Amino acid sequence: MLVSLVLILAEVVVEWPACSLPSPAGTHLAVLSLPSCGASNNYINTQRGTKSQLHTRNDQRCGDMAEFIQTLPSVWGWLVGDAPAARDALARFSWKSPIVVVKVIDSVLRGIAQVAFGNNPLSGLLILIGLFVGHVNSGLGALLCSLTAIFTAKVLYWQDDAVAAGHSNFNAVLIGTVTPAVYPIVFREAMPPAVWGYMMIAAVFTVCVMGGLGRIMEGHNIPALTLPFNIAVSTTFLCVKMAGYGTGTAAPTPDPGAQEDIDWGQVFRGTLLAAGHVWAVEDVACSCLVLLALFIFSPILALVSYVGATLGTLTGLVVSTAPYAAIYQGLWGYNGFLAAGSISFFMVPKLHILLMAAINAVFATFLHSALSPVFAAVSVPLVDHDAANGLPVFTFPFCLASVLMLAAAMASGPPSLRVSSPAFP
Amino acid sequence: MLVSLVLILAEVVVEWPACSLPSPAGTHLAVLSLPSCGASNNYINTQRGTKSQLHTRNDQRCGDMAEFIQTLPSVWGWLVGDAPAARDALARFSWKSPIVVVKVIDSVLRGIAQVAFGNNPLSGLLILIGLFVGHVNSGLGALLCSLTAIFTAKVLYWQDDAVAAGHSNFNAVLIGTVTPAVYPIVFREAMPPAVWGYMMIAAVFTVCVMGGLGRIMEGHNIPALTLPFNIAVSTTFLCVKMAGYGTGTAAPTPDPGAQEDIDWGQVFRGTLLAAGHVWAVEDVACSCLVLLALFIFSPILALVSYVGATLGTLTGLVVSTAPYAAIYQGLWGYNGFLAAGSISFFMVPKLHILLMAAINAVFATFLHSALSPVFAAVSVPLVDHDAANGLPVFTFPFCLASVLMLAAAMASGPPSLRVSSPAFP
Amino acid sequence: MLVSLVLILAEVVVEWPACSLPSPAGTHLAVLSLPSCGASNNYINTQRGTKSQLHTRNDQRCGDMAEFIQTLPSVWGWLVGDAPAARDALARFSWKSPIVVVKVIDSVLRGIAQVAFGNNPLSGLLILIGLFVGHVNSGLGALLCSLTAIFTAKVLYWQDDAVAAGHSNFNAVLIGTVTPAVYPIVFREAMPPAVWGYMMIAAVFTVCVMGGLGRIMEGHNIPALTLPFNIAVSTTFLCVKMAGYGTGTAAPTPDPGAQEDIDWGQVFRGTLLAAGHVWAVEDVACSCLVLLALFIFSPILALVSYVGATLGTLTGLVVSTAPYAAIYQGLWGYNGFLAAGSISFFMVPKLHILLMAAINAVFATFLHSALSPVFAAVSVPLVDHDAANGLPVFTFPFCLASVLMLAAAMASGPPSLRVSSPAFP
């Protein structure tokens, strides 16, 4: 108990790699470490060949890390990291037993946290509370689309461990949270009930696209990230527009103000709000819950992600013009938040990897700036000629930047091995 | 003879897997079954490793199926399925013998049918008749571009079996049929003779792009489908526009009518016309010939494709607005037609694969709706600001949806093995 | 000495494969040929498996070619081909020794030449002189961005041989030359100093994107070409626009003149200027230096590239309309120049490969014509509705066409083996 507390604190002051510390209580569980280490690596279903190759290089580090997690006293094993105790307990039950309700809840909660790379049901619960605090419809949407996605995945014979870890439904979670939040902005009217139907269809699409993209990209050992969400949500929004919704009268465009001074307090607030904007929720309480949730899963991930959000927001100040309302709202930080987090999650955190995480956050923000007019232009001819209310870029910038950077990070040789067990810390 | 007729009827009432039925006459030809089973799998040139892997898992099923085909009495072997007797007879002749004329005709006809996954010269002949019935220029274009493509493929050292099966020219067939049909709609003028030259250049491009894309995508065990056609035809249309064609005066845009009632008889007619729209021909007789042609090749394929067209048309009703003229013309069904067909062609038809075929038809139609304004927007700045006559989406929606779905279907494990011998039934 | 001179002259009259000529002086160096043959093949970091496979098929040819290069008398070994003597001499020094200055200069110069596939410091020096002659800012930009890129690559642990061959910085060279040349055209104002900062950030991006794309595409045995430059420069230009630059008053658009006659002298000048336009410099002296530089590296490459530029320019006459100012400026030739060069560089030059190089030059020019309006449309809603000053297509057409053609060329079997040692001649 004390040992693990001390270790957690040690992590906060960024003393990697803590996993090489001796963990005296670990011996009696060491026999479990290797299999579980492999089992938790299903974010992308690595090909057998690659995996075993990574194992031979990573065994020592991975063994130590997994050992440390396994040696957490039982209470912690249910709560922090990727909650191995909860996972293993649930894996013993079949999907046909009555315990399926608990399994589905666990999968839904893990899926909510997986959006920001957290694989922990408690993290998911905290974020779900945050969603309901920020925007009730977003919370409901997340639940509805998650259940749709899990059902689809089971019907299409997805593997149990992928479903249990929430990989089948984290894209659907985003469909459920982003659509109710973004719809009124794009279509300038309240969301009609029929759009809930479109959301469920989009959730089914995410499962199929995730299966397809995941398979194509695993050949290159790269995860599909939230690309399926981006593809499904863009398609759905354009379809909804084509179906005749959103012909309401345009709100008067706000007058572009004169060059104003930057309010640094508001900029700081923007970096914080960015965490919530990953789920398209703009609420300080929600953002704090998100950061707390990530901290439970992995303190390093939470710290790097927040630094990424800060970098993204500062870059946003450079590559946009006044008025800076969008920056104060956190809209320029969420791509950096995810971009930095993805690098630190999938790679062993070394100094040059952290540098790449920073470059990735800046690159994602540049792409955000560059793609915004492109996405806005797409929908202009449809409704009217006001580019301000075109399609948003969603998390396309994060996905495109991170796919390239992860590939680059993996290409740079032995010092930057891919993490075989992306777990606590 | 009777046995095979009974089997065909059994297929129509959808009793898979009929291929496990005993075929008593098959024993004396069983020695041929395995090689031909491998030989017919050249739609994508599967890598050796993958292929042998599939073989070991598929041998039983594949052996049975091939055995059944081989046991067809000789007349049927020349006509139905992938016409193995005709293929084997022609494969014995070199490309330098006088019989080359017959080989080229066989390849042209198979290429015409390959557009909808049919590999049968009789199917191709029926569809070619349909093309001439619907639109004379489309038929001539198909022949001209096919010959150009076959010549190019031979000059660039394509493998004989790929050329013989029509894989080198089915994209060129589409260039030949779609350009004459779509040109007057996009450019609002009769097609000038110079465009036939552009069509031949585009046909050369399709061969090269097919070679390149096919090689890239076979690494992921996914076919290139009609992507080469889509790339070549989009490029060519934009080039033709840049070369100064189509500056005729704009036709008056039809007034968007009030919310009209849906005419279900016309919707049914639309599902039927969709089959012809794969080749951009709008004619009921042509569509019937297409369905008959597919039925000869594979009753299951014809049925699933038609159900896909129906699903696409119904989805089109949801994601578009009145007036529904495009739906009655079958323009919303052809992507669904191809999308459903591609899944049923490349995968062993099981219940959840048929479900994926249905999802794919709906997804392709969603993409059709989403990409239409994007493609229309591209060409707007060129001529004038009337989005109605921009570039059409061709079969991009089908290609994008099907590539993802095929990958997803393959990812979902043993119950959905890729068909090793995509042939009759 | 005489032997090599004769051989060079023999090459000019296009007598491939000269590498099979006997080289009597080669015996005492033959022991070096195989390793160096592998070492020079790092343009794309071929996977071990594929490479050894190629070796077994290519050994004879490659051995002869490398033998011939190794047997060049010492002076020539420092100057022509890929300058093996200079490379080997420098490879002996560590990056931490004082000789690092020479190594960096060598890498910068090779990077400048690598843009057109030349791997020779003298070629780079000639082209750099050409850049300064044509446009001083382009020369300075090339140096600044190169140094940034090499520094980034070393920090991110790139392999020494890739950095030494200039693969880390040739994309950055283009950032440095193209931005100062294109900025005034797109933004209609002189380039403000702050844009130099954006150029350095873009140079950092190119290194990361090169690492990532290179790794993804090497799985298919295809080089990333200048795609990283294209991605980085498009992103940066759009960001600069979003940051509020370029709001100067629009120059009056030149009146589209009546159908003028083609001035064939000017067309010839355009084919020559195309060579300089690869680096966005429009100057006859610069173009001549470029061609001379490529001739030093490989006479075949210089010849094929120039023929590609001519084909591209002629195709440009067909797919564009009067006035033909852009053709006379060489803007329609540089994609053909690179497209033809890439095929002849990466593949063993046989007759059907040269045919593919020609098709590739035409295809790239078609794509140039097709993508121009698409790129122009992207930036229209931002500033004003004058499509003439939108984003240029950079070398996207060359990259897209060549990736597909290289894949196609590799798919067409044994007669078109990939060159294992792309060097002199």
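Residues numbered from 1 in each chain as written. Chains lettered and ligands numbered in written order. Predicted model: local features only at pLDDT ≥ 70, side-chain atom pairs only at ≥ 80, totals over all residues. Heavy atoms only, no water.

(A) Highlighting the overall build of chain A. When helices and strands are counted, chain A shows 19 helices and zero strands. Considering only contacts within chain A whose residues lie at least 6 apart along the sequence, 77% involve residues at least 24 apart. For chain A, the accessible area works out to roughly 15200 Å², and carbon and sulfur atoms hold 69% of it. (Helix = DSSP H or I, 4+ residues; strand = E, 2+ residues; numbered from the N terminus. Contact = heavy atoms within 4.5 Å. Areas by Shrake-Rupley, 256 points an atom, 1.4 Å probe, with all protein chains shown as cover.)

(B) Up close: the relation of the copies chain C and chain B. Mapping chain C onto chain B calls for a rotation angle of 120° and an axial translation of 0.0 Å; the resulting RMSD is 0.0 Å. Taken together, the rotation angle and the small translation identify this as a three-fold axis. When the interface residues of chain C are mapped onto chain B, a mere 3% of them are again interface residues, pointing to distinct binding faces. (Least-squares fit on C-alpha atoms with pLDDT ≥ 70 in both.)

(C) Representation of the nonpolar core within the structure. Judged by nonpolar contacts, the single largest core of 373 residues is most densely connected at Trp279 and Phe337 of chain A, Trp279 and Phe337 of chain B together with Trp279 and Phe337 of chain C. For tryptophan 279 of chain C, the contacting residues outside a window of four places in its chain are Ile112, Val115, Ala116, Ile127, Leu131, Val173, Leu174, Thr177, Val178 and Val290 of chain C. (Core = buried A, V, L, I, M, F, W, Y, C linked by side-chain atoms within 4.5 Å. Buried < 20%, exposed > 50% of the residue type's maximum accessible area, 1.4 Å probe, protein only.)

(D) Examining the packing of helix α13 (residues 264-277) of chain B against helix α14 (residues 284-297) of chain B more closely. Residues and elements named next belong to chain B. Contact pair α13 / α14: the axes reach a minimum separation of 7 Å and the direction vectors enclose 70°. By the angle class used here, α13 and α14 are roughly perpendicular. Considering how the two elements wind past one another, α13 and α14 form a crossing that is left-handed. Across the interface between the two elements, Arg269, Leu272, Leu273, Ala275 and Gly276 of α13 pack against Val284, Cys286, Ser287, Cys288, Val290 and Leu291 of α14. Of the residues belonging to the contact of α13 with α14, the class tally is eight nonpolar, two polar and one charged. (Axes fitted to C-alpha atoms, helices over the stretch in contact; angles between N-to-C directions. Parallel < 35°, antiparallel > 145°, perpendicular 65-115°, else oblique. Left-handed = near helix turned anticlockwise from the far one by under 90°. Nonpolar A, V, L, I, M, F, W, Y, C, P; charged D, E, K, R; others polar.)

(E) Representation of the interface of chain A and chain B within the structure. In this complex, chain A contributes 25 residues to the contact, which on the side of chain B involves 30 residues. Taken together, the two surfaces of chain A and chain B that pack against each other cover about 2500 Å², and 81% of this comes from carbon and sulfur. Joining chain A to chain B, the criterion identifies zero salt bridges. The tally of links between chain A and chain B comes to two residue pairs in polar contact (both at pLDDT 80 or more). Considering only residue class, the side of chain A that touches chain B consists of 19 nonpolar, five polar and one charged. (Buried area = accessible area lost by both parts, 1.4 Å probe. Salt bridge = Lys/Arg side-chain N within 4 Å of Asp/Glu carboxyl O. Polar contact = N/O pair within 3.5 Å; in protein donor to acceptor, adjacent residues only side chain to side chain.)

(F) Geometry of the relation of the copies chain A and chain B. For the match of chain A to chain B, the screw axis carries a shift of 0.0 Å, the RMSD comes to 0.0 Å, and the turn is 120°. Comparing interface residues between copies, only 4% of those in chain A also sit at the interface in chain B, which points to a heterologous contact through distinct surfaces.

(G) The arrangement of the packing of helix α11 (residues 194-218) of chain A against helix α12 (residues 227-242) of chain A in detail. All names here are of chain A. In contact at an axis separation of 8 Å, α11 and α12 are set at 140° when each is read in the N-to-C sense. Both α11 and α12 take part in a crossing whose hand is right-handed. Contacts between α11 and α12 involve Tyr198, Ala202, Phe205, Thr206, Val209, Met210, Leu213 and Met217 on the former and, on the latter, Leu227, Pro228, Phe229, Ile231, Ala232, Thr236 and Val240.

(H) Representation of the interface of chain C and chain B within the structure. On the chain B side, the residues contacting the 30 residues of chain C number 25 residues. For the pair chain C and chain B, the number of links is zero salt bridges. Taken together, the links from chain C to chain B amount to one residue pair in polar contact (both at pLDDT 80 or more). At the level of secondary structure, the elements contributing two or more residues to the side of chain C that touches chain B comprise α18 (351-379) and α19 (396-411) of chain C. Its residues assigned to classes, the side of chain C that touches chain B comprises 23 nonpolar, seven polar and no charged.

(I) Fine view of the confidence of the model for chain A. Residue and element names in this part refer to chain A. In this model, chain A carries a mean pLDDT of 75, and residues with pLDDT of at least 70 account for 71%. The secondary structure element of chain A with the lowest average pLDDT is helix α2 (residues 30-39), at 32, and the one with the highest is helix α8 (residues 136-155), at 92. Every residue in residues 249-258 scores below 50 in pLDDT, and together they form seven contacts with partners more than four places removed in sequence or on other chains. Low pLDDT (under 50) marks residues 414-425, which in the prediction has 55 contacts with non-local residues, meaning those over four places away or in another chain. Model confidence for the complex: the whole-complex pTM is 0.80, and ipTM, which rates the interface, is 0.79. (pLDDT = per-residue confidence, 0-100.)

(J) Layout of unusual backbone geometry. Positioned with a positive phi, phenylalanine 117 of chain A is a non-glycine residue whose angle comes to about 75°. With respect to the element layout, phenylalanine 117 of chain A can be found in the loop between α6 (100-114) and α7 (121-134). For alanine 280 of chain C, which is not glycine, the phi dihedral falls at a positive 60°. Looking at the element boundaries, alanine 280 of chain C is found in the loop between α13 (264-277) and α14 (284-297). You can call alanine 280 of chain C buried: its relative accessible area is 17%.

(K) Geometry of the packing of aromatic side chains. Counted under the stated rule, the structure contains 37 aromatic pairs over all chains. An angle of 25° between the planes, with centres 5.4 Å apart, marks the rings of phenylalanine 117 of chain B and phenylalanine 345 of chain B as stacked. With phenylalanine 117 of chain B in the loop between α6 (100-114) and α7 (121-134) and phenylalanine 345 of chain B in helix α17 (residues 334-346), this residue pair connects regions lying 228 residues apart in the sequence. Phenylalanine 117 of chain B sits in the buried class, given a relative accessible area of 2%. Assessed through its relative accessible area of 8%, phenylalanine 345 of chain B is described here as buried. Members of the aromatic cluster, joined through ring pairs, are Phe117, Phe297, Phe345, Phe346 and Phe398 of chain A. (Phe/Tyr/Trp six-rings, centres within 6.5 Å; stacked < 30°, edge-to-face > 60°.)

(L) A look at the environment of tryptophan 332 of chain A. Position of tryptophan 332 of chain A among the secondary structure elements: in the loop between α16 (325-328) and α17 (334-346). You can call tryptophan 332 of chain A buried: its relative accessible area is 9%.

(M) The arrangement of the pattern of salt bridges in detail. All names here are of chain A. Evaluation of the coordinates by the stated rule reveals six salt bridges over all chains. Measuring nitrogen to oxygen at the nearest pair gives 2.7 Å for the salt bridge that ties lysine 154 to aspartate 160. Under the relative-accessibility criterion, aspartate 160 is labelled partly exposed at 41%.

(N) Representation of a nonpolar patch on the surface. On the surface, Val101, Val102 and Ile105 of chain A cluster together to form a nonpolar patch covering roughly 260 Å² of accessible area. Relative to the helices and strands, isoleucine 105 of chain A is located in helix α6. (Patch = residues over 30% accessible without salt bridge, like charges linked within 9 Å, V, L, I, M, F, W, Y side chains within 5 Å.)

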